[in-house]
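Structural overview for review
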Amino acid sequence: MNPTKLVAVFAENHTGRLARCAGILAESGVNIHWLGIAGVNGFGVIRFLVDKTDLAYRVLKSRGFTCSLPEILAVEMADEPGSLHFLTSKLAEAGVNLKNCSGFVFNGRAIILIETDQLEAARRVVREQDLHELSEEELLSL
Amino acid sequence: MFWQKEIELLRRDELRRLQTERLRKTVAAVWERVPFYRKRFGEAGVGPEAIGSIEDLCQLPFTTAEDVRRSYPEGLLAAPRSEVVRVHTSSGTTGNPKAIYFSRRDLETAADVMARCLTMTGATKEDVLQNMMTYGLFTGALMMHYGAERVGMLIVPSGPGHTERQVKLMRDFRTTILHLTPSYALYLADYLERQGIDPRKDLRIRIVYVGAEAYTEETRARIEAALGVDVFNCYGLSEMNGPGVAFECLEKSGLHLWEDQYLMEIVDPESGRPLPEGERGELVLTTLCREAMPLIRYRTRDITRILPEPCPCGRVHRRIERISGRADDMLIVRGVNFYPQQIEQVLMGVRGVGRNYQILLEQADELTVRVELSASAFDGRVEGLRALQETLERAIREEILVKPKIELVSPGSLPVSEGKAKRVIDNRTL
């Protein structure tokens, strides 16, 4: 399974930064499937899940943006109370520290996107608990 | 290697005799020919007869940058106009610049002194020097040019800018030495990296002379590592012929100041009181050989100290420590004094910091340091950036005792100079 990667872009907190990024992606025919922005005083990191990751990385970089491709783990849970508690407790027991996380429910499927420095350990927990890890293709075809 | 071995290895007592003789001659000449000095000496109650030895120098009044500016265009000329062959001016962003004149012999001497400097760093007539400084009124490029020519190098007088063409020239003429500003050297390193050119394999540069801007040891280390070269610290100022007043030898430990050409003193920058050898203060220079425009006790505003210990290279000319700041560049924020170089020193030692920065002073004594990120250190997480911000905040605060605000910006987003970098923007109105 190909690792699932986000395109992370450093951005000063200036008016129009996201618009410029999005414009460059649009010109290159890159489709955005998910977007998150983490902002602190004065700057932020825009993170995209896109259909053409490498292309997006290349075009943004060539236009002067500072980018990287952090790997994530996309996990499907049951869409019911307690699922998130169950998964995160198991991760905590295994000593996995989460860095960035985001979740959503789409067409009745509950998905969590996990970023951590301990990706392999997290993946082991997911497998042991018989949870489903989504491949990049699967995530993009939601 | 030596260029003028007999002068470079002169015995200390012989040097002293030479200095005394030249000082007396210089003082007599300005008394005779420069009304400005005759008036100043008169006000201080001294004449040329007061100078018996170099110790008597401190009885003479100082010459300041302001004096030189006020004497523009030719108030300090000590030779008939028909005998001067060159004028240079130094940056005057406001009001008059400083005009510096040279006789034919002054230029000859300056070329020989520059040749001493270059030879001292291991450069020979086999070398190819690409001179990436601005040719013109500014002394830097031309004086380096004459020195290198005197050594017998092939010179590529490229001037600054147009980096793509610079690299082509380096390849085509097999350049081995560069002369440029430190900020341009860092920009060049960045450029080569972006173009996928490995300077160690694809180019033949072995020595880089940087000047015209203040920079720190950390910046020197970065340039050396990025280009795979030796960088030698040099010191000079237009008022004293430009580059080549003092230069590092192969030991890279302090800069030999040519004491047969200049008498040096270190004084308290506030009071002007001479300080004992080894103490840090403002460098004051008196020209000993200049015909067209001698300067007596010129306040350089540069902060350094004399390193009295003998150098393993054998040269008797005493070394000065690299310039730790310019008295004029000193900033005062919330009552605390510091030099911009102290901030640069911290920045260049921290992983994750890119190649450029800016210091911003705003109303209410707010100190902001804008720092470019290093593209390769970005991991896509805001936590890493926060941590970098905190590290810099803490490290700068420890160094200068003022807590700065750190603004992280994209690599390449701050203005890059191919000339002098403007690092400090002071928007305070007092």
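All right, on to the nonpolar core then. B:Tyr37, B:Leu257, B:Leu285 and B:Ile320 are the most contacted members of the largest nonpolar core, which has 48 residues in total. Grouped together as the second largest cluster of nonpolar side chains are 31 residues, A:Phe43, B:Val333, B:Val346 and B:Ile359 included.

Counting residues at the interface gives 20 residues for chain A, matched by 16 residues for chain B. Around 1500 Å² of area is buried between chain A and chain B when both sides are counted, 57% of it from carbon and sulfur atoms. The largest share of the area that chain A buries against chain B comes from A:Phe10, A:Phe43 and A:Thr66, three residues that together contribute 35% of it. Linking chain A to chain B there are two salt bridges. Between B:Arg381 and A:Asp117 there is a salt bridge, with the nearest N and O atoms lying 2.9 Å from each other. The tally of links between chain A and chain B comes to five residue pairs in polar contact (both at pLDDT 80 or more).

With that settled, the discussion passes to the domain arrangement of chain A. Residue and element names in this part refer to chain A. The domains assigned to chain A are domain 1 (4-68) and domain 2 (71-140). Computed from C-alpha atoms alone, the centre-to-centre distance between domain 1 and domain 2 is 23 Å. Listed per partner, the contact involves 10 residues of domain 1 and 12 residues of domain 2. Surface buried jointly by domain 1 and domain 2 totals about 980 Å² across both partners, of which 60% is contributed by carbon and sulfur atoms. For Glu115, the salt bridge goes to Arg47, with nearest N and O atoms at 2.5 Å. One can count four residue pairs in polar contact (both at pLDDT 80 or more) joining domain 1 with domain 2. Broken down by element, the side of domain 1 that touches domain 2 gets its largest block of residues, three residues, from strand S4 (residues 43-50). When grouped by side-chain class, the residues that make up the side of domain 1 that touches domain 2 number four nonpolar, three polar and three charged.

So, on to the packing of helix H7 (residues 163-172) of chain B against helix H8 (residues 182-194) of chain B. The axes of two packed helices give the description: the angle between them and the distance between them. All names here are of chain B. For the pair H7 and H8, the least separation of the axes is 11 Å and the interaxial angle reads 80°. By the angle between their directions, the pair H7 and H8 is classed as roughly perpendicular. The residues of H8 that touch H7, namely those facing Thr163, Glu164, Gln166, Val167 and Met170, are Tyr184, Tyr187, Leu188, Tyr191 and Leu192. Among the residues making up the contact of H7 with H8, the classes are represented as seven nonpolar, two polar and one charged.

Glancing now at the pattern of salt bridges. In total, this model carries 50 salt bridges over all chains according to the counting rule given. Between A:Arg109 and A:Glu76 there is a salt bridge, with the nearest N and O atoms lying 2.7 Å from each other. Taken together, the positions of A:Arg109 in strand S8 (residues 109-116) and A:Glu76 in strand S6 (residues 71-77) put the pair 33 residues apart, joining distant regions of the chain. Put simply, B:Glu108 and B:Arg150 hold a salt bridge, and the shortest N to O gap is 3.1 Å. Of this pair, B:Glu108 sits in helix H5 (residues 104-120) while B:Arg150 sits in helix H6 (residues 139-151); the two residues are 42 residues apart in sequence, bridging distant segments of the chain. Owing to a relative accessible area of 29%, B:Arg150 belongs among the partly exposed residues under this scheme. Each member of the salt-bridge network shares a partner with another, and the members are A:Arg47, A:Lys99, A:Glu115, A:Asp117 and B:Arg381.

Our next topic: the sheet that holds strand S4 (residues 154-156) of chain B. Residues and elements named next belong to chain B. The five strands lie next to each other as S4-S3-S5-S6-S7, forming an open sheet whose pairing is parallel. Of all strands in the sheet, those with a lone pairing partner are S4 and strand S7 (230-232), marking the two edges. The sheet shows a mean angle of 20° between the axes of neighbouring strands, taken without regard to direction. Alignment of strand S6 (residues 207-210) against S7, held across three bridges, turns out to be parallel. Within the sheet, the bridge partner assigned to Tyr209 lies in S7 and is Phe232. Packing of H6 onto the sheet brings it into contact with strand S3 (128-131), S4, strand S5 (177-180) and S6, and relative to S3 it is tilted by some 170°.

Attention now moves to the domain arrangement of chain B. Residues and elements named next belong to chain B. In terms of domains, chain B is made up of domain 1 (1-328) and domain 2 (330-426). Just the C-alpha atoms count here: the centres of domain 1 and domain 2 sit 30 Å apart. At the junction of the two partners, domain 1 supplies 27 residues and domain 2 supplies 19 residues. The junction of domain 1 with domain 2 conceals about 1900 Å² of combined surface from both sides, 48% of it contributed by carbon and sulfur atoms. Summed over the shared surface of domain 1 and domain 2, the result is two salt bridges. The shortest N-O distance in the salt bridge between Glu193 and Arg355 comes to 3.1 Å. With seven residues, H8 is the largest single contributor of residues to the side of domain 1 that touches domain 2. Residue classes in the side of domain 1 that touches domain 2 are distributed as 11 nonpolar, nine polar and seven charged.

Turning our eyes to something else, we now look at the environment of B:Thr175. Residue and element names in this part refer to chain B. Mapped onto the elements of the fold, Thr175 is located in the loop between H7 and S5. Setting aside residues no more than four positions away along its own chain, Thr175 makes contact with Val128, Gln130, Val156, Leu169, Met170, Arg204 and Ile205. Here the side chain of Thr175 touches Gln130 through a polar contact of 2.8 Å, side chain to side chain.

Cut-offs and rules
- Residues numbered from 1 in each chain as written.
- Chains lettered and ligands numbered in written order.
- Predicted model: local features only at pLDDT ≥ 70, side-chain atom pairs only at ≥ 80, totals over all residues.
- Heavy atoms only, no water.
- Core = buried A, V, L, I, M, F, W, Y, C linked by side-chain atoms within 4.5 Å.
- Buried < 20%, exposed > 50% of the residue type's maximum accessible area, 1.4 Å probe, protein only.
- Contact = heavy atoms within 4.5 Å.
- Buried area = accessible area lost by both parts, 1.4 Å probe.
- Salt bridge = Lys/Arg side-chain N within 4 Å of Asp/Glu carboxyl O.
- Polar contact = N/O pair within 3.5 Å; in protein donor to acceptor, adjacent residues only side chain to side chain.
- Domains from an automatic or database assignment.
- Helix = DSSP H or I, 4+ residues; strand = E, 2+ residues; numbered from the N terminus.
- Nonpolar A, V, L, I, M, F, W, Y, C, P; charged D, E, K, R; others polar.
- Axes fitted to C-alpha atoms, helices over the stretch in contact; angles between N-to-C directions.
- Parallel < 35°, antiparallel > 145°, perpendicular 65-115°, else oblique.
- Pairing = 2+ DSSP bridges.

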